[in-house]
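Coordinate analysis (summary)
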Amino acid sequence: MRPETLAIRTQTERTAQKEHATPLFLTSSFVYDSAEDMAAAFADDSLDVNIYTRFSNPSVDEFIQKVCLLEGAEDGIATATGMAAVSACFMTFLSAGDHIVSASAVFGSTHTILTKYLPKWGIEYSYFDMNTPEVIESLIKPNTKVLYVETPSNPGLDIIDLEYVSALCKKHNIIFIVDNCFATPAVQQPIQFGADLVLHSATKFMDGQGRVLGGVVVGKKELIKQLYLYIRNTGPSLSPFNAWVLSKSLETLFVRMDKHAENALYIAQKLEGHPALNWVKYPFLASHPRYDIAKRQMNNGGGILTFELKAGIEGGRKFLNSLQWLSMTNNLGDSRTIASHPASTTHSKLTEEERKAVGITPGLIRLSVGLEHPDDIFEEIINALSK
Ligand SMILES: Cc1ncc(COP(=O)(O)O)c(C=O)c1O
């Protein structure tokens, strides 16, 4: 079956009730037929048997299985949020004395873990600029264990050549982790380009309607086994209810991502050259500095675009205040178009210098393009710009 079909037809085994839609297994624990079965379940960590929902649950497993199939991964594990997925990876694969190399253009909370928490636990980090990947190899040290990137990055929409980075990781025996949240597996499959682990904030396009939080990591079986034990013991597990919502959402992921991308490209093209803007950035605009790489590793440009208002920070506030119906919120990947101002929200914890280094200028607006009629979205933006 093709991925579009697998996203719809992958389901937990039908119960005796003969339900059509996938059931929700809202249970904290599971029962056994005998004391011996119960003892066996606890004796062996690798047994494929449900014990307790912090360890595994059929609704959560269905969601994981779908993501594995879509990403082309051997195995996976789900988490309560995207940040739980990021931090579980760092905690599992890094120890005191280790070093991680990361793109500097990463989500604000990921940046906080790298720069504030990892050093506290004796783990060093080095940042590189997504636009100069040729410096990566010079940052790798004998104690480098993980290389981490987001592509496209949030919110700068920087793009990196996954094949190039994965070749470096293989050469130096480093675990290559990719946050694929902005693209989703409907648009880009990093494992195909050599990533060892792929993670998501499922809260975004995977849910697609701004309802639940969730995270997932998929990839090599031997790495997922270690992550599973970390999550099983420390507890950032995904709730079955959220997993059920997310699994149903994946049924529409491909059609949604096609429409998000179609709308985003239409708006990006129409906005380019607007007199109130310095520039418009979108992976599938020929003006994107990594357009060639985007075309090679992505099926479409995704649902996010950015632009910079000439009027800077004040212009940004005025633009947001001039919106009539478009949502002003920090989330993204929703059927509703969302405008946000990263400098004052998601990346406000960064210093002015740090923001500048990852391309977040005072007038930067991030648009998560929804599924409304593209002309309605465009007119709303143009009206706000004219004010
Ligand atoms: C690229 C990226 N990674 C990770 C996260 C964190 O995800 P969550 O909010 O589900 O913890 C986000 C959230 O915006 C994100 O955009």
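In what follows, the accompanying structure is described. (Residues numbered from 1 in each chain as written. Predicted model: local features only at pLDDT ≥ 70, side-chain atom pairs only at ≥ 80, totals over all residues. Heavy atoms only, no water.)

A few points about helix H10 (residues 253-271)
The end-to-end C-alpha separation of H10 is 26 Å, in line with the 27 Å expected for 19 residues at 1.5 Å each. All of the buried residues in H10 are Leu253, Phe254, Arg256, Met257, His260, Ala261, Asn263, Ala264, Ile267, Ala268 and Leu271. Gly273 sits one or two residues past H10 and shows a positive phi near 90 degrees. (Helix = DSSP H or I, 4+ residues; strand = E, 2+ residues; numbered from the N terminus. Expected span 1.5 Å × (residues − 1). Buried < 20%, exposed > 50% of the residue type's maximum accessible area, 1.4 Å probe, protein only.)

Describing the site of the ligand
What surrounds the ligand is the set Thr81, Gly82, Met83, Phe107, Glu150, Asn154, Asp179, Cys181, Ser201, Thr203, Lys204 and Gly214. One of the side-chain N or O atoms of Asn154 is found 2.9 Å from an oxygen atom in the ligand. The side chain of Lys204 places a nitrogen or oxygen atom 3.0 Å from an oxygen atom of the ligand. Its residues assigned to classes, the shell around the ligand shows 3 nonpolar, 6 polar and 3 charged. (Near = heavy atom within 4 Å. Polar contact = N/O pair within 3.5 Å; in protein donor to acceptor, adjacent residues only side chain to side chain. Nonpolar A, V, L, I, M, F, W, Y, C, P; charged D, E, K, R; others polar.)

Brief notes about the sheet that holds strand S3 (residues 124-128)
Read from one edge of the open sheet, 7 strands run S1-S7-S6-S5-S4-S2-S3, paired in mixed fashion. Bordering the open sheet on either side are strand S1 (75-79) and S3, each of which pairs with just one other strand. Pairwise comparison of adjacent strand axes, ignoring direction, gives a mean angle of 20 degrees for this sheet. Here 5 bridges tie S1 to strand S7 (residues 215-219), and the two strands are oriented antiparallel to one another. If you follow Thr79 over to S7, its bridge partner there is Gly215. Most of the contacts of helix H3 (residues 58-71) go to S1, to which it runs at about 130 degrees, and overall it touches S1, strand S6 (197-201) and S7. (Pairing = 2+ DSSP bridges. Axes fitted to C-alpha atoms, helices over the stretch in contact; angles between N-to-C directions. Contact = heavy atoms within 4.5 Å.)

Re the sheet that holds strand S11 (residues 338-340)
Read from one edge to the other, the open sheet built from 5 strands follows the order S8-S9-S12-S11-S10, with strand pairing classed as mixed. At either margin of the open sheet sits one strand with a lone partner, and together these are strand S8 (277-281) and strand S10 (327-328). Here H10 sits on the sheet in contact with S8, strand S9 (304-309) and strand S12 (364-368), set at roughly 20 degrees to S9. Running at roughly 125 degrees to S9, helix H12 (residues 312-321) makes contact with S9, S10, S11 and S12 of the sheet.

What about the nonpolar core?
Ranked by internal contacts, the top residues of the largest apolar core, which has 86 residues, are Phe63, Leu147, Phe307, Phe319 and Ile381. It is H10 that provides the largest number of residues to this core, a total of 8 residues. Here Phe307 is in contact with Leu271, Leu277, Trp279, Val280, Phe319, Gly363, Leu364, Ile365, Leu367 and Ile381, once residues within four sequence places are set aside. With 30 residues, the next largest nonpolar core counts Phe90, Ile113, Ile123 and Leu197 among its residues. (Core = buried A, V, L, I, M, F, W, Y, C linked by side-chain atoms within 4.5 Å.)

Focus: the packing of helix H4 (residues 82-93) against helix H8 (residues 221-234)
Where H4 contacts H8, the two axes come as close as 9 Å, and the packing angle between them is 105 degrees. Taken together, the axis directions place H4 and H8 in an arrangement best described as roughly perpendicular. Mapping the contact onto sequence places Ala88, Cys89, Met91, Thr92 and Phe93 in H4 and Leu223, Gln226, Leu227, Tyr230 and Ile231 in H8. Looking at the contact of H4 with H8, its residues break down into 8 nonpolar, 2 polar and no charged. (Parallel < 35°, antiparallel > 145°, perpendicular 65-115°, else oblique.)

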